[in-house]
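# Reading the structure
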Amino acid sequence: MTDRAVATALLAPLLLALALSWSRLLGAGCHVPHDGDYFEARRVLEAQRFTRGTDALAVLPPWSLRPFTVLGDLEPISGDALADQPLQRYARLFVLVEPDAEDDHDALVARLGAPAAVEQVGRVVVERWDLPPPSVTFDFRARLAEATVTLGRERCDQPVRGGVGCGGDRRLRVTREWLLVSENADDAVWSRPPPRGQTLEIAWDAVPLGEALLVRAGFTRDGADRARAPVRVTVWADDVEVGRVVREPAFAFTTSRLDTHALLGTSARVRFVVDTDDAEGADFAWDAIAVGGGP
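I will try to describe carefully the structure that is included in this document. Only a predicted model underlies this, so the values are computations on that prediction, with no experimental measurement involved.

A full pass over the atoms with the stated rule returns 23 salt bridges. One salt bridge in this structure joins Asp287 and Arg89, with 2.8 Å as the shortest N-O distance. Of this pair, Asp287 sits in strand 18 (residues 284–291) while Arg89 sits in the loop between helix 3 (68–71) and strand 2 (92–97), and the two are 198 residues apart along the sequence. Comparing Asp287 with Arg89 shows no difference in burial state: the two are buried.

Take a look at the structure:
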């Protein structure tokens, strides 16, 4: 074999690999959305009379951030675990679907069925689901400012951004924030438990109750790595214990359903009592709604 033949044999695999790499890069560029696609998507939302607060908007895959430069003022909800999120707050769900969202999109279709409307705009698709009528009787996260917060017997009334602080420890606060309780963050209520033997209580007066309380709860990413004990959230309606949500240290913001059917149509002072046997590293948050019915 000549030197030229040897060189060709050695270089051939490298050249083939380079060619495949370039073809993949070119192919990826062909399905990456343009900025103009997001402006077109916004026009689709406007044409379908998307209403912030009444309707929900999410982006799939959840890690895509570019759409927020155009759609951020519409206050999209987190796309993380969208197929498992409580959606009773909303009349319609709009989803901006980009390439590489197949797994998340398939899970959502498996839950909700086919969308009521689908419109392709460039390299993205805008889909709409018409949900059952909103059935929220009380939104605890949205009405956090109305809550009374106490640490033990002491009232927490130190103003901090998004809520109130308790004493001089900045970690002991009850605040509404975007928190890394999921891969790309969720809108939730930070409620790190106090040291063992103490309780953190968040209470609302005259809460209209429906058939259930839906409580999403879990540790932040740091909390999941550092916490050494479960966190408990015990929910009371006046003097009746509605139920208890317990989360072991793990990175999972999951939903528990507490049955309040026996209290349907009544109003009560609802208290969320947070405690743990070991508060070290227990960065914790929750989100909750009272619902009157529906799936």
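Read on, since the account is not over.
Burial runs high along strand 14 (residues 231–237): 6 of the 7 residues are buried. In terms of strand pairing, strand 14 meets strand 15 (residues 240–247) through 7 bridges, oriented antiparallel. For Val231, the partnering residue across the bridge sits in strand 15 and is Arg247. Adjacent in sequence and paired antiparallel, strand 14 and strand 15 are bridged by 2 residues, among which Asp238 carries a positive phi angle near 55°. Here 7 bridges tie strand 14 to strand 17 (residues 267–276), and the two strands are oriented antiparallel to one another. Along strand 17, the bridge assignment pairs Ala237 with Val270.

Applying the stated criterion across every chain yields a total of 9 aromatic pairs. Its guanidinium or amino end placed over the ring of Trp190, Arg173 lies 4.0 Å from that ring's centre, counting from NZ or CZ. Directly above the ring of Phe251 sits Arg221, whose terminal nitrogen or CZ lies 4.3 Å from the centroid.

Turning our attention to unusual backbone geometry. Along the chain, Leu60 connects to Pro61 via a cis peptide bond; the corresponding omega equals 0°. Structurally, the position occupied by Pro61 is in the loop between strand 1 (55–60) and helix 3. Positive phi, close to 50°, is recorded for Ala206, a residue that is not glycine. Along the chain, Ala206 turns up in strand 12 (residues 200–208).

Attention now goes to the sheet that holds strand 3 (residues 117–121). Neighbouring strands of a sheet are bound in pairs by backbone hydrogen bonds; such pairs are parallel or else antiparallel. As summarised here, the arrangement of the 4 strands in space is 1-2-4-3, forming an open sheet in which the pairing is mixed. Strands with a single pairing partner mark the edges of an open sheet, and in this sheet they are strand 1 and strand 3. Strand-to-strand twist in this sheet, taken as the mean axis angle between neighbours without regard to direction, amounts to 15°. Relative to strand 4 (residues 124–130), strand 2 runs antiparallel, the two being bridged by 6 bridges. Across the sheet, residue Val97 finds its bridge partner in strand 4, namely Val125.

On to the layout of surface pockets. To find leftover empty space, one rolls a probe the size of a water molecule over the atoms. Volume-wise, the largest pocket comes out at about 410 Å³. Taken together, 22 residues form the lining of the largest pocket, with Glu75, Ile77, Tyr90, Arg141 and Asp187 sitting closest to its centre. Secondary structure elements with two or more residues in the lining of the largest pocket: strand 10 (173–179) and strand 11 (186–191). It is strand 10 that contributes the most residues to the lining of the largest pocket, 3 residues altogether. When the residues that make up the lining of the largest pocket are grouped by side-chain class, the tally is 7 nonpolar, 4 polar and 11 charged.

In this fold, Asp275 is placed in strand 17. A polar side-chain atom of Asp275 sits 2.8 Å from a polar atom in the side chain of Arg232. Among residues more than four places away in sequence, those in contact with Asp275 are Pro193, Gln198, Thr199, Pro230, Val231 and Arg232.

So, about the sheet that holds strand 6 (residues 148–151). The strand order across the open sheet formed by 6 strands is 7-6-12-17-14-15, and the pairing between neighbours is antiparallel. Each end of this open sheet is capped by a strand with a single partner; those strands are strand 7 (154–155) and strand 15.

Rules behind the numbers
Residues numbered from 1 in each chain as written. Predicted model: local features only at pLDDT ≥ 70, side-chain atom pairs only at ≥ 80, totals over all residues. Heavy atoms only, no water. Salt bridge = Lys/Arg side-chain N within 4 Å of Asp/Glu carboxyl O. Helix = DSSP H or I, 4+ residues; strand = E, 2+ residues; numbered from the N terminus. Buried < 20%, exposed > 50% of the residue type's maximum accessible area, 1.4 Å probe, protein only. Pairing = 2+ DSSP bridges. Phe/Tyr/Trp six-rings, centres within 6.5 Å; stacked < 30°, edge-to-face > 60°. Lys NZ or Arg CZ within 6 Å of the ring centre and 35° of its normal. Axes fitted to C-alpha atoms, helices over the stretch in contact; angles between N-to-C directions. 1 Å grid on protein atoms, 1.4 Å probe; cavity = no way out; pocket = protein on both sides within 12 Å on 5 of 7 lines; lining within 4 Å. Points joined across faces, edges and corners; volume = space filled by probe spheres on them. Nonpolar A, V, L, I, M, F, W, Y, C, P; charged D, E, K, R; others polar. Polar contact = N/O pair within 3.5 Å; in protein donor to acceptor, adjacent residues only side chain to side chain. Contact = heavy atoms within 4.5 Å.

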